[in-house]
Amino acid sequence: MLRVHKRYRHLRRYRQIALVLIKYGFADLADRLNLGAYLRLGGRSLRVRGAGEGASTARRLRLALEELGPTFVKLGQVLSTRSFLVPADLLAELVLLQDQVRPEPFSVLEKTLNAELPGGVSACFAAIETEPLASASIAQVHRARTVDGQEVVVKIQRPHIAALIEVDMEILLDLARLIERHVPESRQFDPVAMVEELARTTRRELDFLGEARNVELFARNCAQLPGVHVPAVFWELTTSRVLTLEYVDGVKISDVDRLRQMGVDLKTLVRHGTDFVLKQIFEDGFFHADPHPGNLLVRRDGTIAPVDFGIMGRLDDQMLSQFADLLVAVTRRDVELILRVMEQLGVVPPGGDERLLRVDIGEFIDRYYGVSLRRLRMKEVLEDAVAVLARHRLRVPSNLMLLGKTLGAYEDIVEKLDPDFSFAAAVGPYARKLMWRQFEPGRITYQLGRSLRDLYQLALVLPHQMDSLLRRISNGKIGAELRHQGLDNLIREIDRSSNRLSFSLIIAALIVASSMIITAGVGPSLLGVSVLGIAGYLFAGLLGVWLVLAILRSGRL
């Protein structure tokens, strides 16, 4: 009932979604999701003039996402990170999605600045440009100069964007449930989990204080790296809705011609950039996860300045340890260890064909075993790896998907700057260092100490727990609990059918009872007809209309 209430509360948006899907040739999908019912309820025609005629399905889907707005663009961007589940033609279109939004007038954003900053705009800035440097779905970026003369950029959150995103997230989650229910072939994409991931990352992006902390942590991690400059945070001009950073005067790292004109040594730039990337991943476990060229600027002195820290990837110690185990397993051609790590990561679902998976992993290792690192391309290796995962419909943790996308994006940038440089060869020393970290004396001592502490805690509580368990067994208080798996949809359908059957019986009983009352002339009458009987007919009619609407909404007669 709550979901039905939300659907009707957002009826206009549902109609818009249905119209856009039909417009771009996805009428069948709109029908399977029963979105056409929202058009019929609104008195709108299902015949909508088509768009993108003659274009591929992938291109039409990308155009539809762009027309549906920023939240759906972000959904497409999240989907693009799941390259092992997305066909190549669709992936090529999704990576073209740009989160560009028409800018708000500065007069609107100025109200946010005055509300958030002490003393308002005039007290904090000597000058601020009204034309934005960049405009995205959540915020706009404006160049400014502080009263102390510091050149800065100010990221200002759009007014009411948090409420708008919550509405779209409710709709997307509802649509994801509909897709899983009515489009079985979509389940390998895990639509609900994808939308939940999108909601988490988007809500994190709404907290600019969190982004500011990301910048400072990133700056500490990169402090000793040559050729890297992380912009400073101006905390006194930063709140949850306003972020002020040092202005970076640079060009996109992909603009090779401009870099040459500036006199930048591209080989040195590639070497510094590679160390910058691999340290983030293999040593810090905290990496910039949105590395498109617009977020990597090069200053006139040749230093790399990353910007936009809203999306960051994290690999905890356990995942780094498992990543190291994978590297060891590949170098030793240990298929069993790879399977064990995949199980620990939750990649291998129960009930899969483990024998065939073992064969595919062995073939994957043999394909690259002994090949010179200089002849390897990380992107090709990742594509082959995800092809194995896709063949077995395995689901990979989102942070590992971000890692794969990030490595592929950095390798593309390196290839453009210096085609002779081997990114895979540069990965080698970092990978070996990560593997040897597992055997550092200090690390082993810490792990042993933690295990001994756990054993001590277990020794303290085990006698009491065993005594309690034996008492409960002797008193007959131990029972077995059975849980079903995979029957949720069937139970929902049975429950829905039984509810409709009960409704039908109640309606039939009301009609029969009302007929008997009218025949017997019981109670007060109106124009010779029993008022009680008429009331019974009316109530039965209302229940019947309600039942018909419920059936139409479900899309099943």
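Quick caveat: nothing in here was measured; it's all calculated off a predicted structure.

Participant: So, the overall build of the chain: which residues are in play, and what are the values?
Facilitator: Helices and strands together make up the secondary structure of the chain, namely 23 helices and 12 strands. The 557 residues of the chain split such that 42% are buried. The long-range fraction of contacts in the chain, counting pairs at least 24 apart against all pairs at least 6 apart in sequence, stands at 66%. As displayed, the chain offers around 31,000 Å² of accessible surface, 57% of which is attributable to carbon and sulfur atoms.

Participant: Could you give an account of the packing of aromatic side chains, with specific residues and numbers?
Facilitator: Summed over all chains, the structure comprises 4 aromatic pairs. The positively charged end of Arg-143 is found above the aromatic ring belonging to Tyr-247, 3.9 Å away from the centroid.

Participant: Any details on helix 10 (residues 161-182)? Residues and values, ideally.
Facilitator: Look at helix 10: 31 Å from first C-alpha to last across 22 residues, which is about the 32 Å you get at 1.5 Å a residue. Looking at helix 10, one finds that the buried residues are Ile-161, Ile-165, Asp-168, Met-169, Ile-171, Leu-172, Asp-174, Leu-175, Ala-176, Leu-178 and His-182.

Participant: Quick rundown of the confidence of the model for the chain? Include the residues and the values.
Facilitator: Per-residue confidence for the chain gives a mean pLDDT of 80; residues scoring 70 or more make up 83%. The low-confidence segment residues 41-49 (pLDDT under 50) makes 14 contacts with residues lying over four places distant or belonging to another chain.

Participant: Give me unusual backbone geometry: which residues, what numbers.
Facilitator: Its identity as a non-glycine residue notwithstanding, His-160 has a phi of 65°, on the positive side. Tracing the chain through its elements places His-160 in the loop between strand 4 (151-157) and helix 10.

Participant: Give me the side chain of Asp-168: which residues, what numbers.
Facilitator: For Asp-168, the position within the fold is in helix 10. Among residues more than four places away in sequence, those in contact with Asp-168 are Arg-13 and Thr-71.

Participant: Could you give an account of the packing of helix 17 (residues 354-368) against helix 18 (residues 378-391), with specific residues and numbers?
Facilitator: Contact geometry of helix 17 with helix 18 gives a least axis separation of 10 Å together with a crossing angle of 170°. For the element pair helix 17 / helix 18, the angle class is roughly antiparallel. Where helix 17 abuts helix 18, its residues Leu-357, Asp-360, Phe-364, Arg-367 and Tyr-368 lie against Glu-380, Val-381, Asp-384, Ala-385, Val-388 and Arg-391. When its residues are assigned to classes, the contact of helix 17 with helix 18 shows 6 nonpolar, no polar and 5 charged.

Participant: I'd like to hear about the pattern of salt bridges, residue by residue, with values.
Facilitator: Taken as a whole, this structure holds 17 salt bridges when the rule is applied. Notably, a salt bridge pairs Glu-166 with Arg-203, separated by 2.9 Å at the nearest N-O pair. One end of the pair, Glu-166, is in helix 10; the other, Arg-203, is in helix 11 (residues 191-206), and 37 residues separate them in sequence. Here Asp-207 ties to Arg-213 by a salt bridge, and the two come within 3.8 Å at their closest N and O atoms. The exposure class assigned to Asp-207 is partly exposed, which follows from its relative accessible area of 29%. The structure contains a network of salt bridges with shared partners spanning Arg-62, Glu-66 and Glu-93.

Participant: So what's going on with the nonpolar core? Residues and values would help.
Facilitator: Membership of the largest hydrophobic core comes to 107 residues, with the highest contact counts inside it found for Leu-269, Phe-276, Phe-282, Leu-417 and Phe-423. Among the nonpolar cores identified, the runner-up in size contains 15 residues, and Phe-106, Leu-117, Leu-237 and Val-242 belong to it.

Participant: If you had to explain the environment of Phe-276 to someone new, which residues and values would you point to?
Facilitator: Following the sequence through the fold, Phe-276 ends up in helix 14 (residues 266-284). The exposure class assigned to Phe-276 is buried, which follows from its relative accessible area of 1%. Among all residues touching Phe-276, those that are not within four sequence positions of it are Phe-218, Cys-222, Leu-225, Val-228, Leu-296, Pro-306 and Tyr-410.

Participant: Give a detailed account of the environment of Ala-520, specifying residues and quantitative values.
Facilitator: Along the chain, the position of Ala-520 falls in helix 22 (residues 488-520). Sequence-wise, Ala-520 and Ser-530 are 10 residues apart; in three dimensions their C-alpha atoms are separated by 8.6 Å.

Participant: Requested: an account of a nonpolar patch on the surface, with residues and values cited.
Facilitator: Together, Leu-452, Leu-455, Tyr-456, Leu-458, Leu-460, Val-461, Leu-462, Met-466, Leu-469, Leu-470 and Ile-473 line one region of the surface with nonpolar side chains, adding up to about 1,100 Å² of accessible area. Looking at the element boundaries, Leu-470 is found in helix 21 (residues 441-474).

Participant: Outline the pairing of strand 3 (residues 139-146), listing residues and values.
Facilitator: Along a regular strand, successive side chains alternate from one face of the sheet to the other. The pairing of strand 1 (residues 125-128) with strand 3 spans 3 bridges and is antiparallel. Looking at the pairing, Ile-128 lines up with Ala-144 of strand 3. Direction of pairing for strand 2 (residues 134-135) relative to strand 3: antiparallel, over a ladder of 2 bridges. If you follow Ala-134 over to strand 3, its bridge partner there is Val-141. Between strand 2 and strand 3, which pair antiparallel one after the other, the connecting turn spans 3 residues. Where strand 3 folds back on strand 4, the antiparallel hairpin that results is connected by 4 residues, among which Gly-149 adopts a positive phi of roughly 90°.

Participant: Break down the sheet that holds strand 6 (residues 250-252) for me, citing the residues and quoting the values.
Facilitator: Across the sheet, which stays open at both edges, the 3 strands sit in the order 6-8-9 with antiparallel pairing between neighbours. The sheet is open, and its two edges are formed by strand 6 and strand 9 (304-306), each paired on a single side. Here the strands of the sheet are splayed against their neighbours by 40° on average, with no regard to which way each runs. Two elements, strand 8 (residues 296-299) and strand 9, share 3 bridges in a ladder whose sense is antiparallel. When the sheet's bridge partners are listed, Leu-296 is paired in strand 9 with Pro-306.

Participant: So what about the packing of helix 6 (residues 70-80) against helix 11? Which residues, and what values?
Facilitator: One way to put it is that helix 6 packs onto helix 11 with a least axis distance of 10 Å and a crossing angle of 115°. Pair helix 6 / helix 11 crosses with right-handed handedness. Facing helix 6, whose interface residues are Thr-71, Lys-74, Leu-75, Val-78 and Leu-79, helix 11 presents Met-194, Val-195, Glu-197, Leu-198, Thr-202 and Glu-205.

Participant: Please provide a residue-by-residue account of helix 19 (residues 398-417), values included.
Facilitator: For helix 19, spanning 20 residues, the distance from its first C-alpha to its last is 29 Å, which sits close to the expected 28 Å at 1.5 Å a residue. Among the residues of helix 19, those classed as buried are Asn-399, Met-401, Leu-402, Leu-403, Thr-406, Leu-407, Gly-408, Tyr-410, Glu-411, Ile-413, Val-414 and Leu-417.

Participant: Requested: an account of the side chain of Arg-62, with residues and values cited.
Facilitator: Mapped onto the elements of the fold, Arg-62 is located in helix 5 (residues 57-68). A polar side-chain atom of Arg-62 sits 3.0 Å from a polar atom in the side chain of Glu-93. The contacts of Arg-62, once residues within four sequence positions are left out, are Glu-93, Leu-96 and Leu-97.

Analysis parameters
Throughout, residues of each chain are indexed from 1 in the direction in which the sequence is written. Reporting of local features is limited, given that this is a predicted model, to residues whose pLDDT is at least 70; pairs of side-chain atoms are given and counted only at 80 or more, and all residues count toward the totals for whole chains, interfaces and linings. Based on all heavy atoms of the structure, the side-chain values leave hydrogens and waters out of the count. A run of H or I in DSSP counts as a helix once it spans at least four residues, and a run of E counts as a strand once it spans at least two, with each numbered from the N terminus. When a residue's accessible area, from a 1.4 Å probe over protein chains only, is under 20% of the maximum for its type it is buried; when over 50% it is exposed; and in between it is partly exposed. Contact definition: two residues touch when any of their heavy atoms are within 4.5 Å. Residue burial considers only the protein chains on display, and all accessible areas are found by Shrake-Rupley using a 1.4 Å probe. Two rings belonging to Phe, Tyr or Trp (six-membered ring only in the last case) form a pair when the distance between their centres is within 6.5 Å. Interplanar angles under 30 degrees mark stacking, angles over 60 mark edge-to-face geometry, and anything in between is tilted. Here, a charge over a ring means that NZ of Lys or CZ of Arg falls within 6 Å of the ring centre while also lying within 35 degrees of the ring normal. In this analysis, the expected span of each helix is defined as 1.5 Å times one less than the number of residues it contains. Per-residue confidence from the predictor is reported as pLDDT, a score between 0 and 100. The axes used here are C-alpha line fits, helices contributing only the stretch in contact, and every angle between their N-to-C directions lies in the interval 0 to 180 degrees. Our angle categories are set so that under 35 degrees counts as roughly parallel, over 145 as roughly antiparallel, 65 to 115 as roughly perpendicular, and the remainder as oblique. The nonpolar class holds Ala, Val, Leu, Ile, Met, Phe, Trp, Tyr, Cys and Pro. Asp, Glu, Lys and Arg form the charged class, and all remaining residues, Gly among them, are polar. Take a side-chain nitrogen of Lys or Arg and a carboxyl oxygen of Asp or Glu: if they are within 4 Å of each other, that pair is a salt bridge. Residues belong to a common nonpolar core when they are buried Ala, Val, Leu, Ile, Met, Phe, Trp, Tyr or Cys residues joined through side-chain atoms within 4.5 Å. Like-charged residues are merged into a patch within 9 Å and nonpolar side chains (Val, Leu, Ile, Met, Phe, Trp, Tyr) within 5 Å, provided each residue has over 30% relative accessible area and no salt bridge. Strands were regarded as paired on the criterion that DSSP finds at least two bridges between them. Handedness of a crossing follows from how the near helix is turned relative to the far one, being left-handed for an anticlockwise turn of less than a right angle and right-handed for a clockwise one. In protein, a polar contact requires one atom able to donate a hydrogen and another able to accept it; more generally it is a pair of N or O atoms within 3.5 Å, and residues adjacent in sequence count only if both atoms are side-chain atoms.

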